[in-house]
Amino acid sequence: MHKLKHNDSIRNIAIIAHVDHGKTTLVDFILRQAGVFRQNQDVDERVMDNLDLEKERGITIAAKNCSVSWQGVRINILDTPGHADFGGEVERSLSMVDGALLLVDAAEGPLPQTRFVLKKALESKLKMIVVINKIDRKDARPKEVLNEIYNLFIDLDATEHDLDFPVLYAVGRDGIAQKTLEEPGKDLTILFETILKTVPAPSYDPAEPFQMLVSDLDYSDYVGQLAVGRVFNGSAQCNDALVCIKEDGQSAPLRVTRLQVYNGISLEAVDAVRAGDITILAGIENVAIGDTICTKEVPKALPRINVDEPTVSMVFTANTSPFAGREGEFVQSRKILERLRKETMLNVGIQLEESADTTLFTVKGRGEFQMEILLETMRRAGYEVSVGRPQVILKKKDGVTLEPVEHLFVDCDEAHIGVVTDKINQRKGQMLNMVNHGTGRVRMEFSIPTRSLIGYRGEFLTDTRGTGVMSSYLQGYEEYRGDFRSRLTGSIVADRVGTAVPYALANLERRGELLVRPGDPIYEGMIVGEYSRESDLNVNPAKGKKLTNMRSSTSDDTIVLKAVAPMTLGKALAFIRDDEMVEVTPKSIRLRKKVLAAQERKGLRRGGAVKDEDEQDE
């Protein structure tokens, strides 16, 4: 074994934080103070959240990279998502770094998703720096939060070496960090110095040839497929002839056409890369995350990235409703398949299964939220697609059915304990712990099947008057806990094509909650409301008032209907039952039956638990 050397001109670090703890804002100031932007340069806030969806939702979805230079050392900063559904992103980010910055809100303390990413970081034996952010908040409690952080580390089986981490206090939105609570900070100098001192420089074996682990993928219209990853040993130059070692051990030849590294938030072309660099390499086709790029003389594979397996699947099909092709640019099955294949190349957490039926594709992922984000990005890109209800992926072991189980954390007001625990018990959840800080809010922990959480988030927010916070991470697989009823209501279904009119909708309001407004186009089999009974109700929302010489059509103008909340993807996926689908287009989200014709549905339902009713003409 040769003695390892270190590349002291580089530090590779990841930032770990829960959603809304100020991570992206802090990175903004790191970039500013390291001189990435000119003094008078006009810069967007939250530059690392470069997807529209990320800016709207205030969350990080895709792990992104940037770099700053401080005292001659290049610090590569990798942004990690705080949501467990994007665990695949976390895995590959952590495979490229030697240290991590744990950012925690001074009032909220470490929250569940922080726990999920921190566990991965400790498993990777990364050196940690703890930053307690937002110490200027009125309800800040930095000392108690620090104790909670220590407890979290101990809970995650951290070693004494892991617990020996430096602690900094920060006001991220002012770009200030300080060593103690008493001593006021001026800027982020102390943070940069702590990174250089604490995070080890990348190590490498000088006797080993070039080895690069592919941790991310990208695509360029000019140079084709791009492999993103860290160089673990050796160096490479443009035009070098290398090989890519696949999962099955086979190697494919490649020639390097371009090498790039991160410079600020953009990319910079370089002639050569060496051990420790996080690089973007062009000149390769059919590369997968986890592959090793190395010399053909000494082909040696690095350990592959291990990614959490998917727990939820959804069926995607082309849009087959009567309104198909009206709003989207890409409606053919072939186009949808191409888009889903591209997603599996870019997103290690998504898997695609193609069936004998060329119009049906099964997409597997880590949670319904990840599926929702995929659908949202597709519809914004002009795709039309229909999807079924999210289903959990069950396993069989020794003849026993196993299902994925989540560790769920709930933070809510004391007044809502009863309704929350009751609903979770109905969904086969089991309480593990309850802590009351005496502040009027309680924190509860549950063990609950993944399928129980599908569609529960909206109900939870209603039950807690919008003040509850819930989040979870995958705990593992356990024996199937039995069935439960997820929805006690039926659907109000249109029985013909037309346009919804106020007169008909006013009559239907007594039957349940409406999902359409006057003037909305409708078709046979489209769901226009939630029925207050368990059965489905076939109706005609386009039925106008029968006119006589004593009545005036203008009397419709006085009809006042309840406001209808706009349908979101999250609500739609939570609402539908197994015999229903969501029609997703760039402009609309509609709910529909899988079988559109009312007569066909009646035939299918004979002998079933749910019956169809027909509305009588009034």
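One can find the structure itself at the top, above this paragraph.
None of these values were measured; they are calculated from a predicted model. (Residues numbered from 1 in each chain as written. Predicted model: local features only at pLDDT ≥ 70, side-chain atom pairs only at ≥ 80, totals over all residues. Heavy atoms only, no water.)

Asks: Looking at this structure, I do not really get the overall build of the chain. What am I missing?
Replies: Per the secondary structure count, the chain includes 15 helices and 38 strands. Restricting to contacts in the chain with at least 6 residues of sequence separation, those with at least 24 account for 72%. Here the chain displays about 28500 Å² of accessible surface, and carbon together with sulfur accounts for 48% of that area. (Helix = DSSP H or I, 4+ residues; strand = E, 2+ residues; numbered from the N terminus. Contact = heavy atoms within 4.5 Å. Areas by Shrake-Rupley, 256 points an atom, 1.4 Å probe, with all protein chains shown as cover.)

Asks: Would you take a moment to explain the packing of aromatic side chains for this structure?
Replies: In this description, an aromatic ring pair is defined by two values, namely the gap between the centres and the angle between the planes. According to the stated counting rule, one finds 6 aromatic pairs in the structure shown. When the centroid spacing of 5.0 Å and the interplanar angle of 90 degrees are considered together, the rings of Phe323 and Tyr523 count as edge-to-face. Of this pair, Phe323 sits in the loop between β20 (312–317) and α8 (333–346) while Tyr523 sits in the loop between β33 (521–522) and β34 (526–531); the two residues are 200 residues apart in sequence, bridging distant segments of the chain. The two residues Phe323 and Tyr523 agree in class, both being buried. We note Arg230 situated over the ring of Phe232; from NZ or CZ to the ring centre the distance is 4.9 Å. The ring of Tyr477 is capped by Lys395, whose NZ or CZ atom sits 4.3 Å from the centre of that ring. (Phe/Tyr/Trp six-rings, centres within 6.5 Å; stacked < 30°, edge-to-face > 60°. Buried < 20%, exposed > 50% of the residue type's maximum accessible area, 1.4 Å probe, protein only. Lys NZ or Arg CZ within 6 Å of the ring centre and 35° of its normal.)

Asks: Explanation requested: the sheet that holds strand β14 (residues 251–255) in the structure shown.
Replies: To summarise the sheet geometry, strands pair through backbone hydrogen bonds and adopt either a parallel or an antiparallel arrangement. Spatially, the 8 strands line up as an open sheet ordered β14-β13-β19-β10-β11-β18-β15-β16, and their pairing is antiparallel. Two strands in the sheet have a free side with no partner beyond their single neighbour: β14 and β16 (266–270). When strand polarity is set aside, the average angle formed by the axes of neighbouring strands in this sheet is 40 degrees. Pairing analysis gives 4 bridges linking strand β13 (residues 241–245) to strand β19 (residues 292–295), with the strands arranged antiparallel. Within β19, the residue paired with Leu242 across the bridge is Thr295. (Pairing = 2+ DSSP bridges. Axes fitted to C-alpha atoms, helices over the stretch in contact; angles between N-to-C directions.)

Asks: Please explain the environment of Tyr262 as it appears in this structure.
Replies: With respect to the element layout, Tyr262 can be found in strand β15 (residues 258–263). Residue Tyr262 is classed as buried on the basis of its relative accessible area of 12%. Taking C-alpha positions, Tyr262 is 9.8 Å from Ile75, a pair spaced 187 residues apart along the chain.

Asks: What is the right way to read the pattern of salt bridges from this model?
Replies: Pairing between side chains of opposite charge can happen when the charged atoms of each approach one another. Across all of its chains, the model carries 29 salt bridges by this definition. Across the pair Arg451 and Glu403 runs a salt bridge, and its minimum N-O distance is 2.4 Å. With Arg451 in helix α11 (residues 450–453) and Glu403 in strand β26 (residues 400–413), this pair connects stretches of sequence that are 48 residues apart. In terms of burial, Arg451 and Glu403 fall into one category: buried. The shortest N-O distance in the salt bridge between Arg443 and Asp411 comes to 3.6 Å. You can see Arg443 sitting in strand β28 (residues 441–449) and its partner Asp411 sitting in strand β26, a full 32 residues away along the chain. Arg443 gets classed as partly exposed once you look at its relative accessible area, which sits at 23%. The structure contains a network of salt bridges with shared partners spanning Asp536, Arg577, Asp579, Glu580 and Lys593. (Salt bridge = Lys/Arg side-chain N within 4 Å of Asp/Glu carboxyl O.)

Asks: Could you clarify how one ought to interpret helix α7 (residues 189–198) in this entry?
Replies: Every α-helix winds through 3.6 residues per turn, so residues three or four apart in the chain are directed the same way. For α7, the tally of buried residues reaches 7 of 10 residues, placing the bulk of the element in the interior. Ile190, Leu191, Phe192, Thr194, Ile195, Leu196 and Thr198 are the residues of α7 that are buried.

Asks: Whenever I open this one, the packing of helix α10 (residues 417–426) against helix α12 (residues 456–463) confuses me. Can you help?
Replies: When two helices pack together, their arrangement is given by the angle between their axes and by how far apart the axes lie. Between α10 and α12, the shortest axis-to-axis distance is 10 Å and the interhelical angle comes to 160 degrees. The pairing of α10 with α12 is recorded here as roughly antiparallel in orientation. The chirality of how α10 crosses α12 is right-handed. Of the residues in α12, those touching α10 at Val419, Val420, Lys423 and Ile424 are Tyr456, Glu459, Phe460 and Asp463. Looking at side-chain class alone, the contact of α10 with α12 contains 5 nonpolar, no polar and 3 charged residues. (Parallel < 35°, antiparallel > 145°, perpendicular 65-115°, else oblique. Left-handed = near helix turned anticlockwise from the far one by under 90°. Nonpolar A, V, L, I, M, F, W, Y, C, P; charged D, E, K, R; others polar.)

Asks: Any chance you could explain the pairing of β14 here in plain terms?
Replies: Regular strands place side chains that alternate from one sheet face to the opposite one. Pairing between β13 and β14: 5 bridges, direction antiparallel. What sits directly across from Ile245, in β14, is Ser251.

Asks: Would you take a moment to explain the pairing of strand β6 (residues 127–133) for this structure?
Replies: Counting buried positions over the 7 residues of β6 gives 7, a clear majority of the element. Of the two faces of β6, the one carrying Lys127, Ile129, Val131 and Asn133 and the one carrying Met128, Val130 and Ile132 are both buried. Sheet analysis places strand β5 (residues 99–105) next to β6, joined by 7 bridges and oriented parallel. Bridge pairing in β6 links Asp105 to Asn133. Relative to strand β7 (residues 167–171), β6 is paired through 4 bridges, and the arrangement is parallel. Following the sheet pairing, Ile132 is matched in β7 by Tyr169.

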